[in-house]
Amino acid sequence: MFERLQKKWKVSGFQLFLIICTFAIGGSLTGYAARKLMPVLSIDQKWLWILVYVVLITILWPLAVLIVSIPFGQYSFFNKYIHRIGSKIGLVGKQKAAHMQPAGDSPHFRIAIFASGAGSNAQAIIDRFRAGNLAGISLVVTNNPAAGVLQIAEKEHIPTLVVDKTAFADGETVAQQLKKQQIDLVVLAGFLWKLPPAVINAFPKKIINIHPALLPKFGGKGMYGRYVHEAVLSQQEKESGITIHYADELYDHGPIIFQARCPVLENDTVATLEQRIRQLEHEHYGAVIEKLLADKL
Ligand code: GRF
């Protein structure tokens with residue numbers, strides 16, 4: 001049953017859990033508020049009492065669910081869900097309901113994610129754009145046939161492209177593939193190869209990268225994954241963070257779009273620091289992408 005719902009609503013298992021929590025808490029709140037309000041109205045006739053109760057529940061339920069959906073990060077899902085119900089019962093115009101269609105129905109912007117590893121950032125970005133039609137992940141590109149990101153792409157039904165060194169180095173083939181797929185934004189999420197000039201030139205200001213440190217410090221060739229955090233710890237830095245920047249032909253180089261900081265604690269290990277940074281990445285990368293794309297509208 002849960003799998004059917006996941007497919008129907010195009011959501012991950014975790015998002016489905018949050019949606020169910022929202023339904024449950026929103027429903028209980030509605031019942032509680034209605035029970036408190038009904039005695040205040042002091043209605044004697046039974047039929048009128050039932051009628052008012054039904055009307056009250058109909059008004060309170062969407063409100064309660066929308067409010068509860070905010071802390072659960074599911075506002076966008078429930079906003080569309082309620083609009084769809086509204087359109088079915090004729091309360092919301094058809095045009096509005098069409099605009100509120102679920103994710104994946106011809107998104108406005110098409111994103112390609114480049115990744116070489118596990119793909120936790122890719123997953124967070126996919127989840128972020130699952131609801132709404134601002135953007136969709138249309139392609140996952142990797143240089144590593146064993147990359148975890150390929151399993152994510154398969155699970156999410158996203159087309160993939162595995163590139164080999166020679167074809168990638170000339171750049172034209174990949175640039176053509178991206179153009180053919182009508183990609184609007186290239187998102188590097190742990191992609192370990194430098195991009196060739198042909199790709200950079202084909203997508204001016206349309207390629208962004210995330211780096212797990214505060215650039216310009218701790219960037220450049222060989223500075224990826226745990227190596228970055230090892231360097232930060234060995235230099236006894238008091239803070240680290242993430243940098244999201246436009247990519248150019250150099251490693252971890254290009255105009256900075258966004259940085260977020262976090263402390264480096266005295267007893268930090270590479271693993272604990274990496275975990276803190278990973279959380280920052282998941283929290284901010286999708287949001288920054290969303291803002292960049294929304295500004296283009
Ligand atoms: C992230 O730390 C990112 O900053 C770096 O590579 C890592 C990718 O991790 N560029 P994941 O594959 O998204 O889990």
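You'll find the structure just up there.
Treat the numbers as computed from the prediction; the structure is a model and nothing was measured.

A. Expanded view of the packing of helix α2 (residues 13–41) against helix α4 (residues 75–88). Interhelical geometry of α2 versus α4 gives an angle of 60° and a closest axis separation of 11 Å. By crossing handedness, the relation of α2 to α4 is classed as right-handed. Only F77, F78 and Y81 of α4 make contact with α2, whose side of the interface consists of Q15, I19, T22 and F23. Taken together, the residues of the contact of α2 with α4 break down into five nonpolar, two polar and no charged.

B. Focus on helix α7 (residues 148–155). Inspection of α7 places V149, L150, I152 and A153 among the buried residues, and these make up the whole buried set. Taken end-on, α7 shows its buried residues confined to a sector of 160°, consistent with a single buried face. Exposed and oriented more than 90 degrees from the buried face of α7 are Q151, E154 and K155. Those residues of α7 that are buried are in contact with α6 (120–130), β2 (135–142) and β3 (160–162). Backbone geometry just after α7 places H157 at a positive phi near 60°.

Basis of the calculations
Residues numbered from 1 in each chain as written. Predicted model: local features only at pLDDT ≥ 70, side-chain atom pairs only at ≥ 80, totals over all residues. Heavy atoms only, no water. Axes fitted to C-alpha atoms, helices over the stretch in contact; angles between N-to-C directions. Helix = DSSP H or I, 4+ residues; strand = E, 2+ residues; numbered from the N terminus. Left-handed = near helix turned anticlockwise from the far one by under 90°. Contact = heavy atoms within 4.5 Å. Nonpolar A, V, L, I, M, F, W, Y, C, P; charged D, E, K, R; others polar. Buried < 20%, exposed > 50% of the residue type's maximum accessible area, 1.4 Å probe, protein only. Arc of directions from axis to C-beta.

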